[in-house]
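Architecture at a glance
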Amino acid sequence: MRGVPVSYEDYLRWKTTPLTEVPYLSVVIPAYNEEVRIVPTIGAVAAHVSGLGFPWELIISDDGSKDNTVQVVEELGLVNLTVVRAPQNEGKGSAVRRGMLAARGRYVLFDDADNSTPIEEVSKVLHKLDTDHYDVAVGSRAADGAEEASKGFVRRTMSNGLRWIVATGFRIGVRDTQCGFKMFTHDAAQRLYTAQTINGFSFDLEILYLADKLGYKVAEVPVAWVDAPGSKVDPAKEVRRFLRDLVKIKTNDLRGVYAHA
């Protein structure tokens with residue numbers, strides 16, 4: 001695998017030449033009303049990953065945006081970028097699921113549209129799957145060596161509280177379940193996201209709960225993270241939803257909803 005910086009020729013080749021082979025990596029970015037932030041994020045991702053020396057695809061999974069997100073993405077004219085559309089807004093978890101199930105890559109990265117975890121961190125999680133043979137690699141703001149910048153007091157307090165609840169109630173061995181930077185083998189992604197039932201903020205926890213339940217090998221990888229401006233997260237509302245979904249996950253398990261995952 002080559003390193004960066006990317007050459008313009010690498011990017012131009014990826015932009016204009018359709019893949020003729022199965023991608024080594026798929027990058028899935030969920031988007032809802034992201035017309036302002038999505039193009040810079042796509043630019044950062046395309047510039048970096050195109051220089052890593054393997055075939056890859058980019059999937060923007062739009063969650064029924066009411067602005068011009070889809071239009072501005074399609075106008076970029078990137079032949080190895082696919083837009084997956086939803087007829088209406090169904091929640092971030094729903095958008096991620098559609099994108100992950102559409103991905104063809106040997107490895108599949110879910111990456112937030114705000115680029116809070118810089119795409120340059122991708123090699124860390126990829127190494128865990130490709131070299132250390134994990135099934136899932138979770139970018140983490142809580143693991144030793146992580147760098148977390150500009151996080152406000154309210155979000156920091158919320159995150160710490162939710163991490164304590166998860167550690168106490170679920171014991172899945174992952175301290176930071178909510179960071180939007182996770183990589184899966186293709187088979188693990190297909191199995192886990194097919195079994196997913198939660199469409200909202202807590203879908204990450206359900207996916208990792210299922211990964212633990214199904215015996216997948218999961219690595220928690222320290223990454224850099226910056227609290228990007230323009231967050232759509234309402235802390236109070238999402239805490240209520242998160243607590244509700246904790247109960248739903250446990251109830252699903254007791255009722256056998258995950259029995260055939």
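Things to note about the pairing of strand β1 (residues 25–31)
Buried residues dominate β1, accounting for seven of its seven residues. By the alternation rule, side chains of β1 split into Leu 25, Val 27, Ile 29 and Ala 31 and Ser 26, Val 28 and Pro 30, which are all buried. Inspection of the sheet shows β1 paired to strand β2 (residues 56–62) by seven bridges, in the parallel sense. When the sheet's bridge partners are listed, Val 28 is paired in β2 with Ile 59. Handedness of the β1-helix α2 (residues 38–49)-β2 crossover: right-handed. Summarising the sheet, β1 and strand β4 (residues 107–111) pair through four bridges and their orientation is parallel. Across the sheet, the residue bridging to Val 28 is Phe 110, located in β4.

Brief notes about the sheet that holds strand β8 (residues 218–222)
Read from one edge to the other, the open sheet built from seven strands follows the order β3-β2-β1-β4-β7-β5-β8, with strand pairing classed as mixed. What marks the edges here is a single partner per strand, and that holds for β3 (81–84) and β8. Across the sheet, the mean angle separating the axes of adjacent strands is 20° when strand polarity is ignored. As judged from the five bridges shared by strand β5 (residues 136–140) and β8, these two strands associate in the parallel manner. Paired with Val 138 across the bridge in β8 is Glu 220.

Digging into the packing of aromatic side chains
This structure, assessed with the given rule, holds nine aromatic pairs. Both rings, one in Tyr 24 and one in Phe 54, keep their centres 4.7 Å apart while their planes meet at 45°; by these two values the pair is tilted. A residue pair is termed long-range when its members are at least 10 positions apart, and Tyr 24 in the loop between α1 (8–16) and β1 and Phe 54 in the loop between α2 and β2 qualify at 30 residues. On the accessibility criterion, Tyr 24 (15% relative accessible area) is buried. Classification of Phe 54 as buried rests on a relative accessible area of 12%.

Considerations on the packing of helix α7 (residues 186–195) against helix α8 (residues 203–213)
At a minimum axis distance of 10 Å, the contact between α7 and α8 shows a crossing angle of 120°. As far as their axial angle goes, α8 and α7 are oblique. Where α7 crosses over α8, the handedness of that crossing is right-handed. Packed against α7, whose contacting residues are Leu 192, Tyr 193 and Ala 195, the element α8 presents Phe 203, Glu 206, Ile 207, Leu 210 and Ala 211 at the interface. The class makeup of the residues in the contact of α7 with α8 is seven nonpolar, no polar and one charged.

Conventions adopted
Residues numbered from 1 in each chain as written. Predicted model: local features only at pLDDT ≥ 70, side-chain atom pairs only at ≥ 80, totals over all residues. Heavy atoms only, no water. Buried < 20%, exposed > 50% of the residue type's maximum accessible area, 1.4 Å probe, protein only. Helix = DSSP H or I, 4+ residues; strand = E, 2+ residues; numbered from the N terminus. Pairing = 2+ DSSP bridges. Right-handed = clockwise from strand over helix to strand, strands pointing away. Axes fitted to C-alpha atoms, helices over the stretch in contact; angles between N-to-C directions. Phe/Tyr/Trp six-rings, centres within 6.5 Å; stacked < 30°, edge-to-face > 60°. Parallel < 35°, antiparallel > 145°, perpendicular 65-115°, else oblique. Left-handed = near helix turned anticlockwise from the far one by under 90°. Contact = heavy atoms within 4.5 Å. Nonpolar A, V, L, I, M, F, W, Y, C, P; charged D, E, K, R; others polar.

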